[in-house]
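This is what each chain is made of:
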Amino acid sequence: MKIPQLEILPAIDVKDGRAVRLVQGELSATSTYGLPVEVASDFVSQGANWIHLVDLDAAFGTGSNFDLIKEVISSVDIKVELSGGIRDDASLERALATGCNRVNLGTAAIENPEWTAKVISQYGEKIAVGLDVRGHTLATRGWTESGGDLFEMIAKLDAAGCSRYIVTDVSKDGTLAGPNLELLREVCAVTKAPIVASGGIAVLQDLIELRAMTGIGIEGAIVGKAIYSGAFTVAQALEVASK
């Protein structure tokens, strides 16, 4: 049986108008990688079909890069998943008006499940929910607070018809320590919604292992630090993910 292709979503995290990477969500541990529009252009030139675009200032409540986010999205002719600071009707509508293909709800989905159920029924496939996890406990507010049990939340969101989840092991993010495959298997076992894996991807072998899990529900992988640190290129990731 042919294994489905793994979708690769190279990440651009924007802080103070620059593309950056954090380690375990810590603003104090930031590396800067230039202008987001230029990074996006590079990803497109390597064949990327998606970009995972995050407004970190909006996510942490320290500001907004909205105009720049809009510029990045309009500068590429590929799909964009947008994340960061989308917490109510106004911010959701503003995010969708950028032309992104879907938004990733984080803290709001955990703290306001009734609102989340409403927007899932309204926008369907355009809504993904980010499940940021330490152990089996959800992390919210830029990973600074805990938000309850992972599996209870998945059951609620499944009941609301959530189209996909982005699962991040917070302890792995930005560390190049490898993805938490056990956590991903546990999540795949309790939901039929596709899963996008995030956090810890370090080498091409990690993507090979994730691709082997497409049969149980892994749809894609968000890759950040490994690309920026030169462990592999977007083009190499795409090649591994498709064969």
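Coordinates for the structure precede this section.
Keep in mind that what you see is a predicted model, and the values were worked out from it rather than measured.

Enquirer: Outline the nonpolar core, listing residues and values.
Expert: Core analysis: the biggest nonpolar cluster contains 68 residues, and Ile-12, Leu-53, Leu-131, Tyr-165, Leu-207 and Leu-210 have the highest contact counts within it. Setting aside residues no more than four positions away along its own chain, Leu-53 makes contact with Ile-12, Val-14, Ile-69, Val-72, Ile-73, Val-80, Glu-81, Leu-82 and Ser-83. The next biggest cluster of nonpolar side chains, apart from the first, holds 7 residues, and it includes Leu-9, Trp-50, Ala-128 and Val-196.

Enquirer: Now, about unusual backbone geometry: what can you tell me, with residues and values included?
Expert: The bulk of non-glycine residues show a negative phi, and the bulk of peptide bonds are trans. A positive phi angle, close to 50°, is found at Asp-16, a residue other than glycine. Mapped onto the fold, Asp-16 is located in the loop between β1 (7-15) and β2 (18-23).

Enquirer: Outline the packing of helix α1 (residues 36-45) against helix α3 (residues 66-75), supporting the account with residue identities and numerical values.
Expert: It is at 9 Å that the axes of α1 and α3 come closest, and there the two elements cross at 25°. As summarised for this structure, α1 and α3 are arranged roughly parallel, according to the angle between their axes. For the element pair α1 and α3, the recorded crossing hand is right-handed. Residues Pro-36, Val-37 and Ala-40 of α1 touch α3, and the partners they reach there are Leu-68, Glu-71, Val-72 and Ser-75. For the contact of α1 with α3, the per-class residue count stands at 5 nonpolar, 1 polar and 1 charged.

Thresholds, definitions, all that
Residues numbered from 1 in each chain as written. Predicted model: local features only at pLDDT ≥ 70, side-chain atom pairs only at ≥ 80, totals over all residues. Heavy atoms only, no water. Core = buried A, V, L, I, M, F, W, Y, C linked by side-chain atoms within 4.5 Å. Buried < 20%, exposed > 50% of the residue type's maximum accessible area, 1.4 Å probe, protein only. Contact = heavy atoms within 4.5 Å. Helix = DSSP H or I, 4+ residues; strand = E, 2+ residues; numbered from the N terminus. Axes fitted to C-alpha atoms, helices over the stretch in contact; angles between N-to-C directions. Parallel < 35°, antiparallel > 145°, perpendicular 65-115°, else oblique. Left-handed = near helix turned anticlockwise from the far one by under 90°. Nonpolar A, V, L, I, M, F, W, Y, C, P; charged D, E, K, R; others polar.

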